[in-house]
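So the chains spell out like this:
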Amino acid sequence: MPDPLARRADAIHQALVVMEQQADDDDLFALGYLIPQVPLVMEMVEYDPENVLAEDFDDVFLEWLNDAFTNDAMSQDDQHHIRRLWDRAVQEAETT
């Protein structure tokens with residue numbers, strides 16, 4: 001059985017990479033922050049692939065991201081920018 005969490009993470013990660021390739025300079029920091037976070041989350045999360053939905057990745061990732069913001073003392077402006085790009089990546093992943 002395929003792993004829905006891993007598929008979702010891969011789709012979002014790929015969307016972020018494509019976004020980075022086409023990004024304006026203003027988005028490069030935020031995308032550079034987001035892209036490595038996706039595989040980190042997948043390395044750290046413990047789950048049973050048979051008992052998760054693909055969308056569960058989004059919740060796990062956002063919880064991770066909020067913790068990362070706190071640990072990195074991220075400014076509110078940077079947090080907002082990163083979340084906006086995250087939302088766009090999620091939408092892109094859903095259309096592919």
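Please refer to the structure placed before this passage.
What you see is a predicted model; the values in this text were computed from it and never measured.

## Some remarks on the packing of helix H3 (residues 56–71) against helix H4 (residues 76–95)
Packing of H3 against H4 brings their axes to within 12 Å, and their N-to-C directions diverge by 165 degrees. As far as their axial angle goes, H4 and H3 are roughly antiparallel. Of the two elements, H3 crosses H4, and the hand of that crossing is right-handed. Across from Phe57, Asp58, Phe61, Leu62, Leu65, Asn66 and Phe69 in H3, the residues of H4 making contact are Gln79, Ile82, Arg83, Trp86 and Val90. The residue makeup of the contact of H3 with H4, split by class, is eight nonpolar, two polar and two charged.

## With respect to the packing of aromatic side chains
Overall, the coordinates contain five aromatic pairs when judged by the stated rule. Taking the centre distance of 6.3 Å and the plane angle of 35 degrees together, the rings of Phe29 and Tyr33 count as tilted. Remark: Tyr33 and Phe29 occur in helix H2 (residues 25–44); sequence separation between them is four residues, near one turn of the helix. By relative accessible area, Phe29 is classed as partly exposed at 49%. Their ring planes at 45 degrees and their centres at 6.4 Å tell us that Phe57 and Trp86 sit as a pair that is tilted. In this pair, Phe57 is assigned in helix H3 and Trp86 in helix H4, connecting sequence segments 29 residues apart. A relative accessible area of 0% means that Phe57 is categorised as buried. Residue class for Trp86 comes out buried when judged on its relative accessible area of 2%.

## With respect to the side chain of Gln37
In this structure, Gln37 sits in helix H2. Judged by its relative accessible area of 10%, Gln37 falls in the buried class. Ignoring sequence-local partners within four residues, the contact set of Gln37 consists of Phe61, Trp64 and Ala68.

Thresholds applied
- Residues numbered from 1 in each chain as written.
- Predicted model: local features only at pLDDT ≥ 70, side-chain atom pairs only at ≥ 80, totals over all residues.
- Heavy atoms only, no water.
- Axes fitted to C-alpha atoms, helices over the stretch in contact; angles between N-to-C directions.
- Helix = DSSP H or I, 4+ residues; strand = E, 2+ residues; numbered from the N terminus.
- Parallel < 35°, antiparallel > 145°, perpendicular 65-115°, else oblique.
- Left-handed = near helix turned anticlockwise from the far one by under 90°.
- Contact = heavy atoms within 4.5 Å.
- Nonpolar A, V, L, I, M, F, W, Y, C, P; charged D, E, K, R; others polar.
- Phe/Tyr/Trp six-rings, centres within 6.5 Å; stacked < 30°, edge-to-face > 60°.
- Buried < 20%, exposed > 50% of the residue type's maximum accessible area, 1.4 Å probe, protein only.

Shape is all these values report; function is a separate question.
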